[in-house]
Structures are given as structure tokens and as C-alpha cells.
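Breakdown of the fold
The residues making up each chain are set out below.
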Amino acid sequence: MRYITFALAKGRLANKAMEMLGEMGIFCEEMKDKDTRKLIFVNEELGLRFFLAKANDVPTYVEYGAADIGIVGLDTILEEGRKLYEVADLNVGKCRMCVAGPLSAKELLGSGKLIRVATKYPNIAKDYFYNQLHQTVEIIKLNGSIELAPIVGLSEVIVDIVETGSTLRENGLEVLEEIVPLSARMVVNQVSMKMESERINAIIKGMREVIEKRNAAK
Ligand code: PRP
């Protein structure tokens, strides 16, 4: 029996994903050791392997079949635009992709003016401004602390994730438009879905049951 391999987005999401997998009887003792430098973890009994990767790389591993299943945020899935099947909404890691900035920048949206947009998500930003607002903009790619950009005059607005809204609030910025609601998703390699359909469908079914149970308990 070959291993079914999971790629998990490093960080909070991986912990939540392992918790949900645990609720359906999928676990990995090796992974619980917080000090380990190991990169890949195995549950021989279940024929499963797990690895943690940078969120942006998870869709890449899954598209190429280096992982059969990935768990990653919809933000990353949309940004990376990889060929994969999205099979479940885990209903955790909920937040929103937004255009944000000072309130005074709201009138610039859809105005036809050439504005600068700072973001970690250039593809999502491009798609929103070009295809939804029909506005040509200059996209400036940043790698973190995006909220700084309008404060120091790098851009008029930003496209970024808003969870609690406190980063925006504490920096005098506001949500100007909501682009899309986000949450963690399970994705599957397109070939694995056919070649390992029985085992993968059992995992998808198990995950959907966990999601339903959790929703009913809310
Ligand atoms: C994310 C996002 C916002 C913040 C939103 O940043 O880019 O900055 O969280 O959360 P809030 O609405 O609850 O304040 P992250 O902490 O991942 O770091 P980064 O800014 O370095 O990307």
C-alpha cells in the first residue's frame, strides 16, 4: 500500500487541521514533538505521511502530486491558481480578503484613477481591480505588514486579509471593500483522486462528517 501524503500549511492552520483529522481517527504521534527538526512524519499503521510547508507552497506540492491532499487557506488557493480539486471547506481560519486604506481613499475605488495597491496577493488584487472594478492599478508586492504601505505613502490602498480588524483599527485604516470571505480548505491532487479514489474519498467523507458535527455543535 502506498502512502497517502498530506501537505499542511505551517502554523495555526496545521494545528487546527490535525485536530480535525484527529476527530476522524487520523493522527500522527511523531508530529506532536514540538522540538523536532524532522520535516516529514509517518503513521505506518494508517499508511499516511504528513509534512508542513509554507502556505504558498502547499498548492504546488499538491498540483505536482508530491502531496495527495493539502490543507490550506482559500486566499492561497486563489493566489496560486494551481490545478487541483477543492473538496471541503473546513470552516476554520475564517477571515476576509479586503481592500483597505484610509476612509479618504474610498472614492478612488472604481474612479478610473491610476492608484497604487500594496499586497501580498498580487493575483487576487489584479483580478479584483481589473475584472471587477475595471480599474487599471499599479500593484506593489510586499511580504508582510502590508498595513504600513498607505501609512507611509507607498500606496493609496492595500489588498489584505482582515480577521478581527484590529490591525486596521490600530493603524487608522478601514475596510473599503470586501473581495471574498476566506477559510481553510482541503484540496486534492487530480490524479490521486482517480488512482487512490477509495482511500481519498474515505478521508474526504470523514472530514465532511467532522465539519458537520462541529457545525451542529455551534
Ligand atoms: C495578517 C494580515 C493582517 C492581519 C489581520 O497578518 O496580513 O496584517 O493578519 O488580522 P486582524 O484583522 O485580526 O488584525 P499576519 O499576522 O499574518 O502577518 P503579516 O502582516 O506579516 O503578513
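The shown structure was predicted, so the numbers you read here are calculated from the model rather than taken from an experiment.

Focus: the nonpolar core
- Formed by 62 residues in total, the largest nonpolar core has its most connected members in Phe6, Phe50, Leu90, Phe129, Val157 and Met186.
- Both domains that furnish three or more residues to this core are identified here as domain 1 (4–93 + 183–217) and domain 2 (95–181).
- Residues contacting leucine 90, with those up to four places away along its chain left out, are Met20, Ile71, Ala184, Arg185, Met186, Met207 and Ile211.

With respect to unusual backbone geometry
- Here histidine 134, not a glycine, exhibits a phi torsion of approximately 50 degrees, which is positive.
- Mapped onto the elements of the fold, histidine 134 is located in the loop between α4 (122–132) and β8 (137–141).
- Located in the positive-phi region is serine 145, a residue other than glycine, with phi close to 45 degrees.
- Considering the arrangement of structural elements, one finds serine 145 in the loop between β8 and α5 (148–152).
- When its relative accessible area of 53% is taken as the criterion, serine 145 is described as exposed.

Here we look at the state of the cysteines
- Throughout the structure, instances matching the rule amount to 0 disulfides.
- No disulfide involves cysteine 95; its sulfur sits 8.9 Å from that of cysteine 98, the nearest cysteine.
- Judged by relative accessible area, which is 1%, cysteine 98 ranks as buried.

As for the sheet that holds strand β7 (residues 115–119)
- With mixed pairing, the 5 strands of this open sheet are ordered in space as β8-β7-β9-β6-β10. Each edge of the open sheet carries a strand with a single partner, namely β8 and β10 (174–182). With direction set aside, neighbouring strand axes in the sheet form an average angle of 25 degrees.
- Of the strand pairs in this sheet, β7 and β8 are connected by 5 bridges, and their pairing is parallel. Paired with valine 117 across the bridge in β8 is isoleucine 139.
- Strands β6 (95–101), β7, β8, β9 (157–162) and β10 of the sheet are contacted by α4, whose axis makes an angle of about 170 degrees with β8.

Focus: the site of the ligand
- All residues in the neighbourhood of the ligand are listed as Lys120, Gly144, Ser145, Glu147, Asp160, Ile161, Val162, Glu163, Thr164, Gly165, Ser166 and Thr167.
- Taking serine 145, its main chain carries an N or O atom lying 3.0 Å from an oxygen atom of the ligand.
- Threonine 167 is positioned such that a nitrogen or oxygen atom in its side chain is 2.4 Å from an oxygen atom of the ligand.
- Protein burial of the ligand: of its 500 Å² of free accessible surface, 67% is covered by the chains.
- Sorting the residues of the shell around the ligand by element identifies β9 and α6 (166–170) as the ones contributing at least two each.

Let's talk about the domain arrangement of the protein chain
- One can read the domain layout of the protein chain as domain 1 (4–93 + 183–217) and domain 2 (95–181).
- Taken over C-alpha atoms, the centre of domain 1 sits 30 Å from the centre of domain 2.
- Facing the 6 residues of domain 1 at the interface are 10 residues of domain 2.
- Among the residues of domain 1 in contact with domain 2, Asp75, Leu78 and Glu79 are the three that bury the most area, contributing 66% of the side total.
- Joining domain 1 to domain 2, the criterion identifies 1 salt bridge.
- The salt bridge partner of arginine 12 is glutamate 163, with a shortest N-O separation of 3.9 Å.
- Between the two partners, domain 1 and domain 2, sit 4 residue pairs in polar contact (both at pLDDT 80 or more).
- In terms of residues, the side of domain 1 that touches domain 2 owes the most to one element, helix α3 (residues 74–80), which gives 4 residues.

Cut-off values and rules
- Residues numbered from 1 in each chain as written.
- Predicted model: local features only at pLDDT ≥ 70, side-chain atom pairs only at ≥ 80, totals over all residues.
- Heavy atoms only, no water.
- Core = buried A, V, L, I, M, F, W, Y, C linked by side-chain atoms within 4.5 Å.
- Buried < 20%, exposed > 50% of the residue type's maximum accessible area, 1.4 Å probe, protein only.
- Domains from an automatic or database assignment.
- Contact = heavy atoms within 4.5 Å.
- Helix = DSSP H or I, 4+ residues; strand = E, 2+ residues; numbered from the N terminus.
- Disulfide = S-S within 2.5 Å.
- Pairing = 2+ DSSP bridges.
- Axes fitted to C-alpha atoms, helices over the stretch in contact; angles between N-to-C directions.
- Near = heavy atom within 4 Å.
- Polar contact = N/O pair within 3.5 Å; in protein donor to acceptor, adjacent residues only side chain to side chain.
- Areas by Shrake-Rupley, 256 points an atom, 1.4 Å probe, with all protein chains shown as cover.
- Buried area = accessible area lost by both parts, 1.4 Å probe.
- Salt bridge = Lys/Arg side-chain N within 4 Å of Asp/Glu carboxyl O.

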